[in-house]
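# Topology and contacts: notes
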Amino acid sequence: MSSTPRSRLLADRAARWIVSAGGLAIIFSILGILVFILVEVWPLTYNARVEAAKVVPLPGSPAGALLADEHRTLVAALGADGRVRVVRTSDGGVVAARDLLAGDTAPGGLTATSVPPGNRLLTGATRDGRVLIAPVEFGVTFAGQDRVVTPEIEEVVALPVDPEGRPLRAWSAQLDEEGNATAAGVIADGRLIVVRRSTTENMMTGETTETVSRFERQVPQSVTVLVLDSAQRNLYAGTAAGEILWWPLSDGELDAVRASSAGHSAVTALDLLIGDRSLVIGQENGDLSVWFPTEQSDGGDRLTRVRDFPRQPGAVREIAPSHRNKGFLALGDRGWFGLYYSTSHRTLWTGRSPLANGAGLVYTPKGDGAYLSGEGAGEGKLAAVDIYNPHPEVTWKSLFGRVWYEGADRPEHVWQSTGGTDDFEPKLSLTPLLVGTLKGTIYSLLLAIPLGVFGAMYTSQFMHPTYKRYLKPLVEIMASLPSVVLGFLAGLWLAPRIEDAMPALVLMAVLLPLLVLLAGYAWSRLPRAFRNRFPLGTEAILFVFVLALGIWICFALSWPFEKVAFGGNFQQWLLAATGLPYDQRNAVVVGLAMGFAVIPIIFAIAEDAFSNVPSNLVAGSLALGADRWQTVTRVVLPTASPGIFSAIMVGFGRAVGETMIVLMATGNTPIMDWNPFNGFRTLSANIAVEIPEAPHGETLYRTLFLAALLLFIMTFLVNTVAELVRQRLRERFSQL
Amino acid sequence: MSTSVIQTRDPALDPGIQDPILKIENLSLWYGEKRALHDISLQIPEKQITAFIGPSGCGKSTLLRCINRLNDLIDGVRTEGDIRFGDASVYDPRLDINALRKRIGMVFQKSNPFPKSIYENVAYGPRIQGTNRKRDLDEIVERSLRRAALWDEVKDRLNDSALGLSGGQQQRLCIARAIAVEPEVILLDEPCSALDPIATARIEELMQDLKSQYTQVIVTHNMQQASRVSDYTAFLYLGELIEYGSTEKVFINPMKKQTEDYITGRFG
């Protein structure tokens, strides 16, 4: 006898532990998910670090042009003495060297050296008006486990810019893989000369023929810097008066100049970011700005000042663009040195240059470092800088605000994470995805809230109990349909049908409610003796017939209606009348499909809320002579309203997080508009689409996790609010 | 006149009421297959208090709810026989049930104020009937609360939630709510079963005050209450009307043994 209470006690305790353990496990796993997401997102907030690493000697005269290999083992430098030296970054030992002026009779070395956009050429200008171009390649081989980087200084191309042999004041040169070279220079009398060497290979003989052409143009202003893009199609110049000049080139010939003013301070540095669209301009007064061509109202392109970075304490001398993104380094007078990112408009780091008089600057190909050349203690130096810069492209503004992307006419919200080329500018604005999420949610709730709530109201308050028994399991089946099936049906079956049946659908939206109201009115005019013969709640059968008739009428009238109202084609009419395009997989389709998925959730919770309204309140109201409708609207609905709110919130949460339906039933285009006949892309679908392609740990990967975090927060908040409201409702019911 | 009733006259069932306001005629009721009321006939006098007594499950509440057809809400209920209210039949298929319920008010076992303010609870019925003018409503609310002897207690907090009132106050509020629509009959379904003796006494007192204006039918478990408040008492047992007569007669000199056994506490 005594063992029974004891075993019961044990069972009781065990049950309590198991239940508590289960509950805690759920809480911990949710927290675990949250922590995991946070851990993946958090690095987005890391700041860039730039640290001076090592200074090694760099023989020869100060080198203004530097190139580094991918693995940061070698640096090629072109000095004023005309020699290319490839040195080891570890100790400054010279690995290879070549004299570009070898065999030259004229004395005196180079007037200046530089690296043109493209990061594979060293160029220099001679005192006799020639430009020398030396391509440098770094080959990688493996000797056993060791990586061997072999520099290769290829054949030097010399282009005589000034036929009279005078030195160039400003110049720039490019050489492409086919051997086509262009050099542009400004000589002392203000003439701009462009020399183009094109090589054509005879397919039959294999002979190559060279043609050299030369164009001249008088430039009124005093040009300080020239830059030629790597495709040799655009020439940019900065002047002492702060003007930016831009000449598009066709076959080396200059088009009309397009001038823009960058203020009065002389342009001291000019370079193109990767992709050759964005121009970084550094000025005498320390101004640093990014420009790119934008379309003007007259149809032409003009350089537009898009972003300004904070003014630096001295003139900008060197700009080194990144090889992999829209970032760049800048070096200026008084030893300042900075790391910037164009798209996100971020000044990632500024500080002091490791060398007081920096002459050359190169950003390493992997973006993990930089090399500066300069003079220190009477000899040439090469300073290495380590850069840790994981996610420069992300700021709150770039994620949620408008960003002026290259080639766009104005700042806008764009999500376009990848492009076909390496110089593509990733556009990671979450705003279109948030808008898409809200759009999908709103269109589906537009359907689901009225149907779910009114359906629940009808079922719980008016419907005959016999039908209620069949209806509730039916709605549960609706809820148990896998969303991938719904999405599949919506995308492949429903969407094309809706496209055809759009006029009928429009007609239904107007006709069906009218018809139901009319039928209700007609019913109320029937003699009471007739009406009272039907048990309460069976009138609904009549309305099923009315609705079926209405739907049939709408389909029957679809074609005539389309002809009369929409000129025979709804889609064309829509475009002509409102300017809205019709996309087959659109918000209406999603609204129907996702609405279908959300209805059972809203229905179930709302039905609960209605049914839990104590029956003695209903009886009390009826006993006062109120009819059922008055009872429902004046007593049941106000009492159940927190539950209805909660139902809508939970439905909202479900719609926000729903993935498969929106993935399959929309075109997944991240556009921002509220046109019901257009597609969209939601946060959840975006994660599903892009996470398999996102490189682990990169910005896109972490941004997708940020999207996941946003979804988590949204659904968590919505569900918490819903639950709190529901608890309050429960308290309220317990008082009644 | 009611010749047919005179023919079947049984002194234990017919106290000979003149001009009854309600005439229950051979009423039977089934819940599905189960018969809950057996052929009940009784007449309810105007502006008197009639009590239905009997043990649990005897059908007294069911009978009460037949009078305002609140049993219609229950699925599978079927009735035979009739209830005549004035000149009309309560079960006439042409009847507007809502209009009937306006004339026959009801107070429930568990007080059921709406989750609204005190004012709105009382104004609910008049609003349903289409009275929306503030001044009219104010007047109705005050008059009803005064008649329900609640005015002095709540006049300063008419806009507070009715759920904040005590149980007895809530029940009086429900009475005020019922009389706000000016019914002719008030049905009280064990109105004091959840109340303490003081609150019960106040309700009983109130019932006496209301007698001058309303016909009242009360279902009660409490025989003392029935004997205290009612003028006529009907004793039901297992769905049958055993005895019906003036309260004095039923309690002091019952004609049936079952009645005597019940009121003397031998079963129930």
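The model shown is predicted, which means the values in this text are computed figures rather than measured ones. (Residues numbered from 1 in each chain as written. Chains lettered and ligands numbered in written order. Predicted model: local features only at pLDDT ≥ 70, side-chain atom pairs only at ≥ 80, totals over all residues.)

## Side note on the overall build of chain A
Of the regular secondary structure elements, chain A holds 14 helices and 32 strands. The C-alpha radius of gyration of chain A comes to 36 Å, more than 25% above the 27 Å expected for a compact globule of 736 residues. A principal-axis box enclosing the C-alpha atoms of chain A has dimensions of 120 × 85 × 55 Å. Counting all 736 residues of chain A, 43% fall into the buried class. Sequence-distant contacts in chain A: of pairs separated by 6 or more residues, those separated by 24 or more amount to 61%. (Helix = DSSP H or I, 4+ residues; strand = E, 2+ residues; numbered from the N terminus. Rg over C-alpha atoms; globule rule 2.2 N^0.38 Å. Buried ≥ 20, exposed ≤ 12 C-beta atoms within 10 Å, placed from the backbone. Contact = placed C-beta atoms within 7 Å.)

## Structural notes on the overall build of chain B
The number of helices and strands found in chain B is 11 helices and 10 strands. For 268 residues, the compact-globule estimate of 2.2 N^0.38 gives 18 Å, and chain B sits close to it at 19 Å. When its C-alpha atoms are laid out on the principal axes, chain B stretches across 55 × 45 × 35 Å. The buried share of chain B, reckoned over its 268 residues, is 46%. Contacts in chain B between residues far apart in sequence, at least 24 positions, make up 68% of those at least 6 positions apart.

## Description of the interface of chain B and chain A
Across the boundary between the two partners, chain B contributes 25 residues, which contact 21 residues of chain A. Of all the secondary-structure elements, those providing two or more residues to the side of chain B that touches chain A are helix H3 (97-103), strand S6 (104-107) and helix H4 (118-128) of chain B. Here the side of chain B that touches chain A takes 4 residues from H3 of chain B, the largest share from any one element. By residue class, the composition of the side of chain B that touches chain A is 12 nonpolar, 6 polar and 7 charged. (Nonpolar A, V, L, I, M, F, W, Y, C, P; charged D, E, K, R; others polar.)

## Things to note about helix H3 (residues 431-461) of chain A
With 31 residues, H3 of chain A extends 42 Å between its outermost C-alpha atoms, agreeing within 8% with the 45 Å of an ideal straight helix rising 1.5 Å per residue. Its axis deflected by about 35° at Leu445 of chain A, H3 of chain A carries its strongest bend there. (Expected span 1.5 Å × (residues − 1). Bend = angle between axes of the 7 residues up to and from the residue.)

## Some points on the pairing of strand S24 (residues 316-321) of chain A
Residue and element names in this part refer to chain A. Here S24 lies mainly inside the structure; 6 of its 6 residues are buried. Note that S24 and strand S25 (residues 327-332) share 5 bridges and pair antiparallel. Residue pairing in the sheet places Pro321 in a bridge with Phe328 of S25. If you look at the hairpin formed by S24 and S25, you'll find 5 residues sitting between the two strands. (Pairing = 2+ DSSP bridges.)

## Digging into the packing of helix H5 (residues 483-525) of chain A against helix H7 (residues 540-566) of chain A
All names here are of chain A. Where H5 contacts H7, the two axes come as close as 7 Å, and the packing angle between them is 140°. What the angle tells us is that H5 and H7 run oblique. At the point where H5 passes H7, the crossing takes the right-handed sense. (Axes fitted to C-alpha atoms, helices over the stretch in contact; angles between N-to-C directions. Parallel < 35°, antiparallel > 145°, perpendicular 65-115°, else oblique. Left-handed = near helix turned anticlockwise from the far one by under 90°.)

## With respect to the sheet that holds strand S30 (residues 379-388) of chain A
Backbone-to-backbone hydrogen bonds pair the strands of a sheet. The strands run either parallel or antiparallel. Residue and element names in this part refer to chain A. Overall, antiparallel pairing links the 4 strands, which are arranged S1-S30-S29-S28 in an open sheet. Lying at the two open borders of the sheet, with one neighbouring strand each, are strand S1 (49-57) and strand S28 (357-363). On average, each strand axis in the sheet is inclined to that of its neighbour by 25°, with strand direction left out of account. Inspection of the sheet shows S28 paired to strand S29 (residues 369-376) by 6 bridges, in the antiparallel sense. Of the residues in S29, the one forming a bridge with Tyr363 is Ala370.

## Thoughts on unusual backbone geometry
Phi is positive for Asp276 of chain A, which is not a glycine, with a value near 60°. Mapped onto the elements, Asp276 of chain A comes out in the loop between strand S20 (267-272) and strand S21 (279-283). The phi torsion at Lys47 of chain B lies on the positive side, around 50°, for a residue other than glycine. With respect to the helices, strands and loops of the structure, Lys47 of chain B is situated in the loop between strand S2 (34-44) and strand S3 (49-53). We classify Lys47 of chain B as partly exposed; it has 15 C-beta atoms within 10 Å.

## Brief notes about H7 of chain A
Residue and element names in this part refer to chain A. Maximal helix bending in H7 amounts to about 50°, located at Ser558; proline Pro560 follows within four positions. Within H7, burial applies to Gly550, Cys554, Ser558 and Glu562. Looking at the buried residues of H7, the elements they touch are H5 and helix H8 (570-578).

## Remarks on the packing of helix H9 (residues 587-611) of chain A against helix H11 (residues 628-657) of chain A
Residues and elements named next belong to chain A. For the pair H9 and H11, the least separation of the axes is 8 Å and the interaxial angle reads 150°. Judged by the angle between their axes, H9 and H11 are roughly antiparallel. Between H9 and H11 lies a crossing whose hand is right-handed. Across the interface between the two elements, Met594, Val598, Ile601, Ile602, Ile605, Ala606, Asp608, Ala609 and Phe610 of H9 pack against Val636, Ala640, Gly643, Ile644, Ser646, Ala647, Ile648, Val650, Gly651, Arg654 and Ala655 of H11. Taken together, the residues that form the contact of H9 with H11 break down as 15 nonpolar, 3 polar and 2 charged.

## Let's talk about the sheet that holds strand S22 (residues 288-295) of chain A
Residues and elements named next belong to chain A. The antiparallel open sheet is built from 4 strands, whose spatial order is S20-S21-S22-S23. Looking at strand neighbours, the two that pair on one side only are S20 and strand S23 (301-309), the edges of this open sheet. Pairs of neighbouring strands in the sheet enclose a mean axial angle of 30°, with direction left out of account.

## A few points about the environment of Ala184 of chain A
Residue and element names in this part refer to chain A. Inspection of the secondary structure assignment puts Ala184 in strand S12 (residues 181-187). For Ala184, a count of 32 C-beta atoms within 10 Å corresponds to the buried category. Ignoring anything within four residues of it in the chain, the contact list for Ala184 reads Trp171, Ser172, Leu192, Val194, Leu226, Leu228 and Leu235.

## Some remarks on the nonpolar core
Residue and element names in this part refer to chain A. Counting residues in each nonpolar core, the largest one holds 153 residues, and the members touching the most others are Ala490, Val590, Ala593, Ile602, Ala606 and Ile661. In terms of residue count, H9 provides more of this core than any other element does, 19 residues in total. Setting aside its immediate chain neighbours within four residues, Ala606 contacts Gly452, Val453, Ala456, Gly643, Ile644 and Ala647. Counting residues in each nonpolar core, the second largest holds 99 residues, with Ala125, Leu175, Val186 and Ile274 among its members. (Core = buried A, V, L, I, M, F, W, Y, C linked by C-beta atoms within 7 Å.)

## As for the environment of Pro160 of chain A
Residues and elements named next belong to chain A. Its place among the elements puts Pro160 in strand S10 (residues 157-160). Residue classification places Pro160 among the partly exposed residues on the basis of 18 C-beta atoms within 10 Å. In sequence terms Pro160 and Ala125 are 35 residues apart; their C-alpha atoms lie 9.6 Å from each other. Not counting residues within four places of it along the chain, the set of residues in contact with Pro160 comprises Gly129, Arg130 and Val195.

## Considering the confidence of the model for chain B
Residue and element names in this part refer to chain B. When pLDDT is averaged along chain B, the result is 89, and 96% of the positions lie at 70 or above. The least confident element of chain B is helix H1 (residues 3-7), whose mean pLDDT is 46; the most confident is strand S8 (residues 215-219), at 95. Under a pLDDT of 50 for its full length, residues 1-7 has, in the predicted model, 1 contact with residues more than four places off or in other chains. Per the prediction output, this complex has pTM 0.85; the corresponding ipTM is 0.91. (pLDDT = per-residue confidence, 0-100.)

## Quick notes on the environment of Gln630 of chain A
All names here are of chain A. Tracing the chain through its elements places Gln630 in helix H11. The exposure class of Gln630 is partly exposed, given the 17 C-beta atoms found within 10 Å. Separated by 83 residues in the primary sequence, Gln630 and Leu547 have C-alpha atoms spaced 25 Å apart.

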